[in-house]
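Listed below, chain by chain, are the residues.
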Amino acid sequence: MNLYKELTFAREAILRAETEIRQVRKSGNFDVRFKPDGSPYTKADPLAERLIRDYLLTEFPGDGFEGEELPKIQSTNGRIWRCDPIDGTWSFINFEDTVATALSLHQINPDGSEKVVLALINNLFSAEKLYIAGEGIKTTLDGNQLPDISRDPSKLIVNYNISPNHSSDISEIMKLWTPKGPIVKAVSILGSAAYSLSHIAKGSHDIYVTSLANPFKVWDVAAGIYLIQKTGGVVTNLDGDPITQDETVIVAAKSPEHHAQFLEHITKTEFGKRYQR
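Everything quoted here is computed from the prediction, not taken from an experiment.

Quick notes on the packing of aromatic side chains
For step 1, the next point in the chain: Taken as a whole and judged by the stated rule, the model has seven aromatic pairs.
For step 2, the next point in the chain: Judged by centre distance (5.8 Å) and plane angle (80°), the rings of Phe 9 and Phe 60 are edge-to-face. Remark: Phe 60 occurs in the loop between α2 (44-59) and β3 (64-67) and Phe 9 occurs in helix α1 (residues 4-27); sequence separation between them is 51 residues.
For step 3, the next point in the chain: With a relative accessible area of 21%, Phe 9 lands in the partly exposed category.
For step 4, the next point in the chain: The exposure class of Phe 60 is buried, given its relative accessible area of 8%.
For step 5, the next point in the chain: A centroid spacing of 5.2 Å and a plane angle of 80° characterise the contact between Phe 30 and Phe 92, whose relative ring orientation is edge-to-face. A residue pair is termed long-range when its members are at least 10 positions apart, and Phe 30 in the loop between α1 and β1 (33-34) and Phe 92 in helix α3 (residues 89-93) qualify at 62 residues. Per residue, the accessibility class of Phe 30 equals that of Phe 92, and both read buried.
For step 6, the next point in the chain: Feature note: the residues Phe 9, Tyr 55, Phe 60 and Trp 81 constitute an aromatic cluster, connected by ring pairs.
For step 7, the next point in the chain: Over the ring of Phe 125 we find Arg 25; its NZ or CZ atom is 3.5 Å from the centre of that ring.
For step 8, the next point in the chain: Seen from the ring of Phe 60, Arg 79 lies directly overhead, with NZ or CZ sitting 5.6 Å from the centre.

This is the structure we're talking about:
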């Protein structure tokens, strides 16, 4: 499968969108509004998504496109792009760095299931920015191969992102933070899930665990999950099953060993028991 043309246009699309996103933030005129579920969006969100969509579908007119902000365009050739133009909108509004554009290309199988074949995450306001992974394409960060970082699975660095609606879950995770492990460092990097997933692939953190009020959408996490899998990592729910659209909890790990170690401990807490099926 040769996807270098798709990669070239996808990369150009998200970089063009970045220019527009940066201009809106520089102006400070966000025109913030709220969706029925209470999540915010700005005038930059649909602007960036439309730019990415139109740029890609002009070159690949049979492809479908589905994103956070605009109506879905059906595929006529068995492929669909999925995009969150500004993942981490509150961070974007608050001039924080944990903001990303997530874009993935999916092959639609005859039975309706899908397989990601290309993924890009652009961490818009970070020094290290553009993650790329794809079938037949090297997995890179800003053109460089991702480092191979290996840590003792009994000494995990965990990034947790917990919804305010589930604040009691934080104390359950903190029960695992002890001098003897398994967690030796815990951080909470709020904002974009794609941003946090990319840092698992990079090896900055060993585990990313998140519990949100609303289920994930495929455009939120597909690119990040694929990126981690291409670097040998694992992403599941608390039962160890693949992520589906109705999930509210994700456990992502840099390595299968780290993932198994964390699941073994977290499923014994009230947090684990609450979210297991």
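Additional details are given in the paragraphs that follow.
So, the environment of Val 99
For step 1, the next point in the chain: For Val 99, the location among the structural elements is in the loop between α3 and β5 (100-108).
For step 2, the next point in the chain: In the structure, Val 99 is positioned 12 residues away from Asp 87 in sequence and 5.8 Å away in space, judged by C-alpha atoms.
For step 3, the next point in the chain: Not counting the four nearest positions on each side in its chain, Val 99 is found in contact with Ile 86, Asp 87, Gly 88, Ser 91, Phe 92, Asn 122, Asn 123, Leu 124, Phe 125, Ser 192 and Tyr 195.

What counts and how
Residues numbered from 1 in each chain as written. Predicted model: local features only at pLDDT ≥ 70, side-chain atom pairs only at ≥ 80, totals over all residues. Heavy atoms only, no water. Phe/Tyr/Trp six-rings, centres within 6.5 Å; stacked < 30°, edge-to-face > 60°. Helix = DSSP H or I, 4+ residues; strand = E, 2+ residues; numbered from the N terminus. Buried < 20%, exposed > 50% of the residue type's maximum accessible area, 1.4 Å probe, protein only. Lys NZ or Arg CZ within 6 Å of the ring centre and 35° of its normal. Contact = heavy atoms within 4.5 Å.

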